[in-house]
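Here is how the chains run, residue by residue.
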Amino acid sequence: NIWTLERFFQAFTSNANEIIEFDTSEFGCEGIQFLKADLGSSNDYDAYLGIVPGRFLANLYLKYGSKLLQGNVRAFLSIRGKVNKGIRDTIINHPNNFFTYNNGIAIVARSIGFSADGTKIIHFKDPQIINGGQTTASLANAVIKKEDQKNGMEALFVPMKLTVLNVEDDMSEEQVTRYNEITKTISQCANCQNPVSEADFFSNHPFHIMMEKLSRKVMAPPVDGKPYQTTWFYERSRGKWEQEQMKLTTTQRKKFCDMHPKGQVIKKEKLAKCLNTIYMNPHQVCQSSAINFSKFAAIIENLYDESRDSINEEFFKKAVCSVIIFDTLDSRIGKAPWYPKGGNKAQITPYAIAKLMTLIPKGKDLDWRSIWQKQTLYPELLAELMEIAYCAHNFLMEQAKGGLVRTISRTVLVWKAFQD
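These figures come from a predicted structure and were not determined experimentally.

Here is what the cut-offs are and how they apply
Residues numbered from 1 in each chain as written. Predicted model: local features only at pLDDT ≥ 70, side-chain atom pairs only at ≥ 80, totals over all residues. Heavy atoms only, no water. Helix = DSSP H or I, 4+ residues; strand = E, 2+ residues; numbered from the N terminus. Buried < 20%, exposed > 50% of the residue type's maximum accessible area, 1.4 Å probe, protein only. Contact = heavy atoms within 4.5 Å. Areas by Shrake-Rupley, 256 points an atom, 1.4 Å probe, with all protein chains shown as cover. Pairing = 2+ DSSP bridges. Polar contact = N/O pair within 3.5 Å; in protein donor to acceptor, adjacent residues only side chain to side chain. Phe/Tyr/Trp six-rings, centres within 6.5 Å; stacked < 30°, edge-to-face > 60°. Core = buried A, V, L, I, M, F, W, Y, C linked by side-chain atoms within 4.5 Å. pLDDT = per-residue confidence, 0-100. Expected span 1.5 Å × (residues − 1). Arc of directions from axis to C-beta. Salt bridge = Lys/Arg side-chain N within 4 Å of Asp/Glu carboxyl O.

> What am I meant to see in the overall build of the protein here?
Helices and strands together make up the secondary structure of the protein, namely 19 helices and 12 strands. In the protein, which comprises 420 residues, the proportion classed as buried is 48%. Considering only intrachain contacts with a sequence separation of at least 6, the fraction spanning at least 24 residues in the protein is 73%. For the protein, the exposed surface amounts to about 21200 Å²; the carbon and sulfur share of it is 53%.

Now the structure itself:
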């Protein structure tokens, strides 16, 4: 592999865990009005209600982007959604009413600092917007597109709920666990503006954070005659691939898409489907995406607790290869002469792959290295999978006895019968 200066830089930045710290004055804000909540002496955190200038919040996001949303369950979902269209309309046409119309933002921070007279918050350390990411990004989007100039954003203010954990710079493992847990809990309780799935809530689990970092760090080999490497973009937060391009010019966006192709974006739910297939649980994969993800989450919880060191570069490469296997077979089945129009690919694909995994002798394995290096299946593997897929098609049709394949494929008894 050729290591260019740019690649060295990418490797460096992918390992950098920057803690955001700033004074409000850096963004033209004299400070944030606040009211401290008296919660008694039993709590080990402080809570505040505040009024945040919209311009300050937009500029903050324009500088730090998704780093502000690491604790959020979603990245910016664009202005196409009904709720976000409403936010945009208020910014443009009714900025004076934004404080009243909007649910506001929820922030967790390690610590804060106050003005000399103690009336305003003027310093933040490691703030994370755990609810209100759509509001924040919508404000920034309006500034980028100059949509804020119609009625001005100077009279636009956003309600803020701030939780300050008052933790040390060098947190212990217990403090890190507590920090993550309270962030996750507040996210679950506060997110109600856009529908949030269980997969979204699970996005803050350390496994997904590790996979996200690995996806930015591990470069896939050049293929199809291209002179450059690409990444498999693991989308821990829903919509993050699109959000990363928000501030880019047309040229920069093209370069970003060359480096991070849309076809190589891996969503959490897709990873759960492909890895759970490799783990030989096709009956779970044939369930709804939410049910399969919950089953997969239990496997990951156990893996992380018992063998977190195994979640490394090799694990990530194998995960990507599982996606390549799944997608390649799914595509080839659709073109097979024996596959009927409107067939059952969604069930045949996981059953065929899982069956193959059960047939591999003890001490042997697939040639994962070959799949990774060529970013495609080697001929012998694809041929064998297509043979098994044909068998799976006939088997599932027989088991259904004229009924729905998708229904019977979800039972462990049918999967056991196919193994036998």
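> Just checking my understanding: could you explain the pairing of strand 6 (residues 120-125) for this structure?
Regular strands have side chains that alternate between both faces of the sheet. Both strand 1 (residues 21-23) and strand 6 contribute to a ladder of 3 bridges, which runs antiparallel. Looking at the pairing, Asp23 lines up with His123 of strand 6. Strand direction decides the pairing type here: strand 2 (residues 32-36) and strand 6, joined by 2 bridges, are antiparallel. Residue pairing in the sheet places Ile32 in a bridge with Ile121 of strand 6. Where strand 5 (residues 111-114) and strand 6 come together, 4 bridges link them in antiparallel fashion. Bridged to Gly113 within strand 6 is His123. The hairpin turn running from strand 5 into strand 6, its antiparallel successor, is 5 residues long, and Gly118 in that turn takes a positive phi close to 75°.

> Would you take a moment to explain the side chain of Thr230 for this structure?
The residue Thr230 is located in strand 10 (residues 230-231) in this model. Owing to a relative accessible area of 9%, Thr230 belongs among the buried residues under this scheme. One polar contact links Thr230 to Gln264, side chain to side chain, over a distance of 3.1 Å. With near-sequence residues (within four places) excluded, Thr230 lies in contact with Met219, Ala220, Asp258, Met259, Pro261 and Gln264.

> Explain helix 2 (residues 54-64) to me, please; I cannot follow it from the model alone.
Helical periodicity: at 3.6 residues per turn, an α-helix aligns residues three or four positions apart in one direction. Every buried residue of helix 2 is accounted for by Gly54, Phe56, Leu57, Ala58, Leu60, Tyr61 and Tyr64. Positioned one or two residues after helix 2, Gly65 has a phi angle of 55°, which is positive.

> Help me understand the packing of aromatic side chains, please; the structure alone is not making it clear to me.
How two aromatic rings sit relative to each other is given by the distance of their centres and the angle of their planes. Per the stated rule, a full pass over the model turns up 20 aromatic pairs. On the basis of an interplanar angle of 75° and a centroid distance of 5.7 Å, the ring pair of Phe34 and Tyr48 is categorised as edge-to-face. Here the residue Phe34 occupies a position in strand 2, and Tyr48 occupies one in strand 3 (residues 46-53), the gap between them amounting to 14 residues. By relative accessible area, Phe34 is classed as partly exposed at 22%.

> How should I be thinking about the nonpolar core in this particular structure?
Soluble globular proteins tend to pack their nonpolar side chains together in the buried interior. Counting residues in hydrophobic clusters, the biggest one holds 60 residues, and the most contacted among them are Met211, Trp232, Leu271 and Ile371. Here the element with the most residues in this core is helix 14 (residues 313-335); it accounts for 11 residues. Residue contacts for Trp232: discarding those within four places in its chain leaves Ser215, Ala220, Gly263, Gln264, Ile266, Phe316, Val320, Val323, Ile324, Trp372 and Gln375. Residues Tyr48, Ile107, Met153 and Leu156 belong to the second largest nonpolar core, which totals 37 residues.

> Is there a simple way to explain the confidence of the model for the protein in this structure?
If pLDDT is low for a region, its predicted coordinates should not be looked at in detail. Per-residue pLDDT for the protein has a mean of 87; in total, 88% of the residues score no lower than 70. By mean pLDDT, helix 7 (residues 198-201) is the weakest element of the protein at 55, and helix 15 (residues 345-359) is the strongest at 97.

> What is the right way to read helix 8 (residues 206-217) from this model?
Look at helix 8: 16 Å from first C-alpha to last across 12 residues, which is about the 16 Å you get at 1.5 Å a residue. Turning to helix 8, its buried residues are Phe207, His208, Met211, Glu212, Leu214 and Ser215. Down the axis of helix 8, the buried set is contained in an arc of 165°. They therefore lie on one face. Where the residues of helix 8 are buried, they touch strand 10, strand 11 (233-235), helix 9 (240-243), helix 11 (268-278), helix 13 (289-307) and helix 14.

> What exactly am I supposed to notice about the side chain of His283 here?
Looking at the secondary structure, you find His283 in helix 12 (residues 282-285). Setting aside its immediate chain neighbours within four residues, His283 contacts Tyr351, Ser409, Arg410, Thr411, Val412 and Trp415.

> I keep staring at the environment of Tyr64 and nothing clicks. Help me out?
Topologically, Tyr64 is positioned in helix 2. In this structure Tyr64 comes out as buried when scored by relative accessible area, which is 10%. Each C-alpha atom, one on Tyr64 and one on Ile20, is 8.1 Å from the other, the two residues being 44 residues apart in sequence.

> Help me understand the pattern of salt bridges in this model?
For side chains bearing opposite charge, pairing can occur when the charged atoms are close. Under the criterion given, the structure shown has 14 salt bridges. Put simply, Glu6 and Lys255 hold a salt bridge, and the shortest N to O gap is 3.6 Å. Taken together, the positions of Glu6 in helix 1 (residues 5-14) and Lys255 in helix 10 (residues 250-259) put the pair 249 residues apart, joining distant regions of the chain. The shortest N-O distance in the salt bridge between Arg55 and Glu154 comes to 2.9 Å. Linking Arg55 in helix 2 with Glu154 in the loop between helix 5 (133-144) and strand 8 (157-164), this pair joins segments that are 99 residues apart in sequence. Residue class for Arg55 comes out partly exposed when judged on its relative accessible area of 24%. Overlapping salt bridges bring together Glu212, Arg216, Arg236 and Lys240 as one network.

> What's the story with the environment of Ser294 in this structure? I'm lost.
Looking at the element boundaries, Ser294 is found in helix 13. According to the relative accessible area criterion, Ser294 is partly exposed, its value standing at 43%. Sequence separation between Ser294 and Gln284 is 10 residues; the distance between their C-alpha atoms is 9.8 Å.

> Any chance you could explain the environment of Ile122 here in plain terms?
Considering the arrangement of structural elements, one finds Ile122 in strand 6. Since its relative accessible area comes to 27%, Ile122 is described here as partly exposed. Sequence spacing of Ile122 and Cys29 is 93 residues, and the spatial spacing of their C-alpha atoms is 8.3 Å. Non-local contacts of Ile122, meaning those with residues more than four positions away in its chain, are made with Phe22, Asp23, Thr24, Glu30, Gly31, Gly113, Phe114 and Ser115.

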